[in-house]
Amino acid sequence: MKTVTLKKLKDKLAKNKNPWIFSGAIHSADKGIINGETVKVLDSEKRFIAYGFYSEFSAITLRLFSWNEDETFGAGVFKQRLTSALAARKRLINSENTDSYRLLYGEADGLPGYIADIYSGHVGLQVNTASAVYYLPMMKEALTEIISPLSIYVRPADELAKKEMIRYPEQCIYGNTPESIIIKENGLKISASLISGQKTGYYFDQRENRRIAAAYARGQDVLDCFCYTGGFSLNASANGAKSITSVDSSADALSNLKENFALNGLEAPDTVKADIFEYLRERNADSQKHDIIILDPPKLAKSQSSVEQALRAYKDLNMLGMKKMKNNGIFISFSCSGRVSREDFIKSVAWAAKDAGRTLRITGFLSQSCDHPINPFFPESEYLKGIVGIVE
Ligand code: SAH
């Protein structure tokens, strides 16, 4: 196996099990390493640190996946990681009311570059690095053996594929993936598409937060902003919300949302196709206010250089939202930007309250659901942060 040697004093994080090594930490690499291949990573004294996946074109040149020199690399590593990931999900997720979840969450589950979501027995697989593509045959073998899926549909995540310069056409690599699949989450039926939905099809990271939000919904007027296919709206409706307004800029998402309400025999909410910023700004003029507002925007900070701009956008969005709250309303707000820290997000919400002329008391902190575990040596694996608060 080829080796890569790190610079002196640049190996501390790697030795502490942080899986990312940036190009600046590398002292030298053997000649002829194939993009995507597994390498042995050594410290400046040529001592073994870990095995890692090599990405020639990415700023993150190495993604470590094993700190055990005796772990022979091969299909067995994939099978072991999947077996362990599956056992964790089985322990954590109530299979009576939820049959779909994230089975494998990249670095946090010991297989960098791969995201595998289960949709009622079908797999939506994201391959996000050169190695993820390179070792796809091994991954396929492990998935078919460990979970016996009905089908596997592969989609690279666009922004990451660009950084890694991978060109892999999305396609079904096993079985037959239907255009849409009816999954079960929190006891609700949801029609999701691995082929045309956003990301792998649905956002499992909000499963537990949907329940938390819905617990407040009985008899309440709810505004679900960035509703996508209705995750929060459906849970709120099933829990007895008085009225729901679901807003998103995607017409496809809203028609999927209506289908989901019908699937569950729930009365359709008011749906509005709009840019949320414009929608909230325009509506500040009229008097309609809500008991509960949920703000779940897409990733607003796509790179380190856009963090400042994203923080301003979070502030504006939260300010506009808080202006639409009834007195003592429950305000639930998220950031899924990995680069925005929890602390900075809370600061932007605090400024938002000030500029809205409202008082916010934070009553709870929210994170991603249990099938998106956080590697404590790798803070980047925590990307979703949210708050629940009371607005006066
Ligand atoms: N809350 C959803 C997930 C939200 S994902 C759930 O529980 O499943 C973010 C959503 O925001 C996407 O559906 C996307 O179409 C929508 N979106 C992105 N930018 C928007 C904008 N400016 N205004 C309204 N919707 C937007």
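If you're wondering where the values come from, they're calculated on a predicted model, not measured in any experiment.

How each quantity is defined
- Numbering of residues starts from 1 in each chain and follows the order in which that chain's sequence is written.
- Two thresholds apply to this predicted model, a pLDDT of at least 70 for residue-level local features and 80 or more for giving and counting side-chain atom pairs, whereas whole-chain, interface and lining totals are computed over all residues.
- The side-chain numbers reported here are obtained from all heavy atoms of the structure, hydrogens and water having been left aside.
- Geometry is summarised by axes, namely lines fitted to C-alpha atoms with helices restricted to the contacting stretch, and by angles between N-to-C directions that run from 0 to 180 degrees.
- Where helices and strands are cited, they refer to DSSP runs of H or I of at least four residues and of E of at least two residues respectively, numbered from the N terminus.
- Any angle that is under 35 degrees is reported as roughly parallel, and any over 145 degrees as roughly antiparallel; angles of 65 to 115 degrees are reported as roughly perpendicular and all others as oblique.
- The crossing is said to be left-handed when, going from far helix to near helix, the turn is anticlockwise and less than a right angle, and right-handed when the turn is clockwise.
- It only takes one pair of heavy atoms within 4.5 Å for two residues to be counted as in contact.
- Only Asp, Glu, Lys and Arg are considered charged, only Ala, Val, Leu, Ile, Met, Phe, Trp, Tyr, Cys and Pro nonpolar, and every remaining residue, Gly among them, polar.
- One less than the residue count of a helix, multiplied by 1.5 Å, gives the span that helix is expected to have.
- Burial classification: accessible surface area is computed with a 1.4 Å probe over protein chains only, and a residue below 20% of its type maximum counts as buried, one above 50% as exposed, and the rest as partly exposed.
- Think of the arc as the fan of directions from the helix axis to the C-beta atoms.

(A) Seen up close, the packing of helix H10 (residues 307-323) against helix H11 (residues 342-356). With their axes 8 Å apart at the nearest point, H10 and H11 run at an angle of 45° to one another. Between H10 and H11, the angle is such that the two are oblique. Like other packed secondary-structure pairs, H10 and H11 cross with a definite hand, here right-handed. Residues Leu311, Tyr314, Lys315, Asn318, Met319, Met322 and Lys323 of H10 lie in contact with H11, whose contacting residues are Asp344, Phe345, Ser348, Val349, Trp351, Ala352, Ala353, Asp355 and Ala356. When grouped by side-chain class, the residues that make up the contact of H10 with H11 number ten nonpolar, two polar and four charged.

(B) Seen up close, helix H8 (residues 251-263). Between its first and last C-alpha, H8 extends 18 Å over 13 residues, near the 18 Å set by a 1.5 Å rise per residue. Listed as buried for H8 are Ala253, Leu254, Asn256, Leu257, Asn260 and Phe261. For H8, the angular spread of buried residues about the axis comes to 160°, placing them on one side. With respect to the buried face of H8, the exposed residues turned more than 90 degrees away are Asp252 and Ala262.

(C) Structural detail: the packing of helix H2 (residues 75-92) against helix H4 (residues 136-147). Remark: H2 packs on H4, axes separated minimally by 9 Å, with the N-to-C direction vectors making an angle of 45°. With respect to H4, the axis of H2 lies oblique. You can see that H2 and H4 cross each other, and the crossing is right-handed. Contacts from Ala75, Phe78, Lys79, Leu82, Thr83 and Leu86 in H2 reach Met138, Met139, Glu141, Ala142, Leu143, Glu145, Ile146 and Ile147 in H4. Considering only residue class, the contact of H2 with H4 consists of ten nonpolar, one polar and three charged.

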